[in-house]
Amino acid sequence: MISLTKAPTRAQARWLLLIVLLAGFAARLYAFDSTYVDSDRANVHGIGIEILDKVQQGRITELPLFSDASSIRLPNGPLVAYLLAIVAAADRGLTMAVIFGLLLNVLVVPLTFIAGRMVISWWGGWFAALIAAGSNWAVYMARGSWHPAYIEMGSVLAFVLLLRGLLRSSNRALVVGIAVSLLVAAGDVKGFAAPAQAMVATFLAGAFQKQLRRGWLVGLALCLVLITGYVLALQSTGQLGLLTNNGLTKIAEVSYGAEERVARDITTFNRDIFGHVSRLASGADYYRIWISPDTSGYSWFALLNNLVSVALAALMLLGAVRIVLSWRVSLVAFIGGWVLLTCGFLAALTIVSPNFRIPPYYALTMSPVPYLLAGLGARTVLTRVRWSHLPVVVLCLLIIGCDSWNFNAAARTALQQQIQEVRFIPLRWARALGAAWRAQCTYMSDSRDWWDVSLMQSSDRIWRGGAHNNQNGSIHEFAPLGGDCIVADPGGVPPAHTDKFVTVLENGSAVTTWRSLPYTTTATMGIHNNLGWSLLEFRATVSGGNLNVRHVWRIDQLPDEPHYLWIFAPFIKLLGPDGGVVAQLDGAISMEGREWRANNIVFSDAVIPLPGKLKPGSYRAIATLFDPNQKKNAVYFADAEPGKPILELSQSIEIKP
């Protein structure tokens, strides 16, 4: 018979720990192919592949000092990207990267048990580990091969090591714990909370006293080294100004209306700091966000989820009260400093920056405290309330039952959605899309940061930019042999001189990809410009109430001056028979110079709506290439008069009665 107030026997403990560990594995790996991935959740994997490509090609001096940019514009540290580069050396697929992150995150479960056993009891630690195993929000944020997948594991490991250092007066454990917190910061800007928590919480707990002073000071020195290294890396990459011009310092100057605040997800839900901490352990609101109400049994499990969430929140509150009333002052100071430092900072941020969104994964830096508080609350109930064993056992079964239903229903919801464009999609669909692109496309003109690198599994098959479209037109650059692919905005003008193929996914979902056709011509219009381009086609036609203007250029060479400073921006006017402007487009879709590639073809289509029915007569379409950055036009030259500059292209259009 197992007693819930005494530690189990060694044999019983093995089985109980195996149960909670398997629950952690199951929660993270169940239907992992329904894991959502997008240009946020796959960025770091794409950067890892880019790092691997540079290493294999011997381009060591080009290895990045940072990963992708954070939501506040400061760049994230590179550690996670380099870790995934090692994973990519074995398998470049996004599936392996996702599984690696999930398996690494499983370590949260045994680490939470270790922490709980140190501060509560065997059973308190087991209960905390059970909650950590199936924490709905934490498991969701561990998926997707993105930074939050690693934040919680690093935070929990640092917490355990620091706690061990305090309880055993071990300078070594204290220094190692602070070092682990620095590794969290080296992978994510949000992870800078971890060393701050480590230093403040251990100081409040008395680490600066004689026995642990040396370890604390060594940790402080390591923190200064990390901060100095980050600042120097910013300086060397020309980003030092971001220290004073980032989302934390500038967003207070931005004012959004109510509708735009909702569109930017700046809602009460995403500014509820203590609610996020509670959701981490209790799972509150998870089913509302990620599970379709049409799912079988939704109403019953919604009720059970609410009951479990309320029960866990009550246990966390009871645990918080219990720990504050305890005589273990150093422990109270350590846990209080760990949580309240981050909570206080974020709460202050919501006051000074009302337009700042606080994502739920910020709570991961406070892990495992919410689990431990619930575990302490459960332990208090077991030891203080008569006949409490049965309700606690029932609650454990409900937690497992609700978690199982939640993950199953969320997986079905993810795979039953219908999409027609590349965005927030399940891993299974991303795999199918990536396989189609790798088979059909020579290059991918990307517009989704490093996600295309992740799907193409190669940084050498990606053009940075190179294709854009909107309701006013399209522009894209491709090799003369064709085969370069574009995922165009479905609300824009389809890219010219392309065919398309459709990748069928599931449940009516499909993605259309446009692929450039070969372009062969030996004739030119005898016009070139000072950019080093030859004009192959220029034509303007009126049809369907629109003026349609096409440029086709060949990039014979790049300009001598830094070409990345240029922008290809056609400025087009239609002049009437009297010489007056009938219509114009100032702001045709453009292409930045950094996207130009020598010997490629550039197709530019512009669509300009015309006002009403045009009167019969002779009209004239004129076009220039204006650079808004340098405030000047490109200059044209004709082979017939090579020394005479031409300021604009012109074509007559006859409108008949």
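A brief look at the structure comes next. This structure is a prediction, so every number in the text was calculated from the model and none was measured. Residue numbers restart at each chain and count upward from 1, following the sequence in its written direction. Totals for whole chains, interfaces and linings use every residue, but because this is a predicted model, local features are given only for residues with pLDDT of at least 70 and side-chain atom pairs only at 80 or more, for both listing and counting. The side-chain quantities take in all heavy atoms of the structure and omit both hydrogens and water.

## Some details on the overall build of the protein chain
Move 1: Secondary structure counts use DSSP, requiring at least four H or I residues in a row for a helix and at least two E residues in a row for a strand, with both numbered from the N terminus. Scanning the protein chain from N- to C-terminus turns up 21 helices and 22 strands.
Move 2: Along the first, second and third principal axes, the C-alpha atoms of the protein chain reach 100 × 55 × 45 Å.
Move 3: Think of it in three bands: residues with accessible area under 20% of the maximum for their type are buried, residues over 50% are exposed, and the middle band is partly exposed, with areas taken using a 1.4 Å probe on protein chains only. Scored against the burial criterion, the 657 residues of the protein chain give a buried share of 54%.
Move 4: We get accessible surface area from the Shrake-Rupley algorithm with a probe of 1.4 Å; when it comes to residues, only the shown protein chains can shield them. With an accessible surface of roughly 28900 Å², the protein chain has 61% of that area assigned to carbon and sulfur atoms.

## Notes on the packing of helix H14 (residues 273-282) against helix H17 (residues 329-352)
Move 1: The N-to-C vectors of H14 and H17 enclose an angle of 140 degrees; their axes lie 9 Å apart at closest approach. Considering the angle they form, H14 stands oblique to H17. Packed against H14, whose contacting residues are Ile 273, Phe 274 and Val 277, the element H17 presents Cys 343, Leu 346, Ala 347 and Thr 350 at the interface.
Move 2: Gly is placed with the polar residues, together with every amino acid not listed as nonpolar (Ala, Val, Leu, Ile, Met, Phe, Trp, Tyr, Cys and Pro) or charged (Asp, Glu, Lys and Arg). Residue composition of the contact of H14 with H17, grouped by class: six nonpolar, one polar and no charged. The axes are straight lines fitted to the C-alpha atoms, using for helices just the contacting stretch, and the angles between their N-to-C directions are given from 0 to 180°. With respect to orientation, any angle under 35 degrees is reported as roughly parallel, any angle over 145 as roughly antiparallel, any angle of 65 to 115 as roughly perpendicular, and every other angle as oblique. The contact criterion used throughout is that any non-hydrogen atoms of two residues lie within 4.5 Å.

## Considerations on the packing of helix H2 (residues 43-56) against helix H3 (residues 79-90)
Move 1: Between H2 and H3, whose axes approach to 7 Å, the crossing angle comes to 65 degrees. Classified by the angle their axes make, H2 and H3 are roughly perpendicular. Considering only the axes of H2 and H3, their crossing is right-handed. Of the residues in H3, those in contact with Val 44, His 45, Ile 47, Gly 48, Ile 49, Ile 51 and Leu 52 of H2 are Val 80, Ala 81, Tyr 82, Leu 84, Ala 85, Ala 88 and Ala 89.
Move 2: Class assignment for the residues of the contact of H2 with H3 results in 12 nonpolar, two polar and no charged. In a left-handed crossing the near helix is turned counterclockwise from the far helix by less than a right angle, and in a right-handed crossing that turn is clockwise.

## Quick look at the state of the cysteines
Move 1: Note that a disulfide, as used here, is simply two cysteine sulfur atoms within 2.5 Å. One pass over the structure, following the stated rule, counts one disulfide.
Move 2: Across a sulfur-sulfur distance of 2.1 Å, Cys 441 and Cys 485 are joined as a disulfide pair. On the S-S bond that ties Cys 441 to Cys 485, the torsion sits near -95 degrees, and the link is left-handed. Here the residue Cys 441 occupies a position in the loop between helix H20 (427-440) and strand E3 (443-446), and Cys 485 occupies one in strand E7 (residues 484-486), the gap between them amounting to 44 residues. Each of the two residues, Cys 441 as well as Cys 485, counts as buried.
Move 3: Cysteine Cys 402 remains unbridged, with the sulfur of Cys 396 as its closest cysteine sulfur at 12 Å.
Move 4: Classification of Cys 402 by relative accessible area gives buried; the value is 3%.

## Considering the sheet that holds E7
Move 1: Two strands pair if DSSP finds at least two bridges between them. Reading across from one edge, E4-E3-E7-E9-E8 is the order of the five strands in this open sheet, with mixed pairing throughout. Unpaired on one side and paired on the other, strand E4 (462-464) and strand E8 (498-504) mark the two borders of the sheet. Strand-to-strand twist in this sheet, taken as the mean axis angle between neighbours without regard to direction, amounts to 30 degrees.
Move 2: Sheet contacts for H20: E3, E7, E8 and strand E9 (510-516); angle to E8, the most-contacted strand, approximately 150 degrees.

## Structural notes on the nonpolar core
Move 1: Ranked by internal contacts, the top residues of the largest apolar core, which has 106 residues, are Trp 126, Phe 127, Phe 159, Phe 334, Trp 338 and Tyr 371.
Move 2: Contact partners of Phe 334, with chain neighbours within four places excluded, come to Phe 159, Leu 162, Leu 163, Leu 166, Ala 201, Thr 202 and Ala 205.
Move 3: If you look at the next biggest cluster of nonpolar residues, it comprises 35 residues, including Ile 527, Trp 533, Leu 585 and Ala 634. Here, the term nonpolar core denotes a set of buried Ala, Val, Leu, Ile, Met, Phe, Trp, Tyr and Cys residues that are joined through side-chain atoms within 4.5 Å.

Any functional reading would require information beyond the geometric quantities listed.
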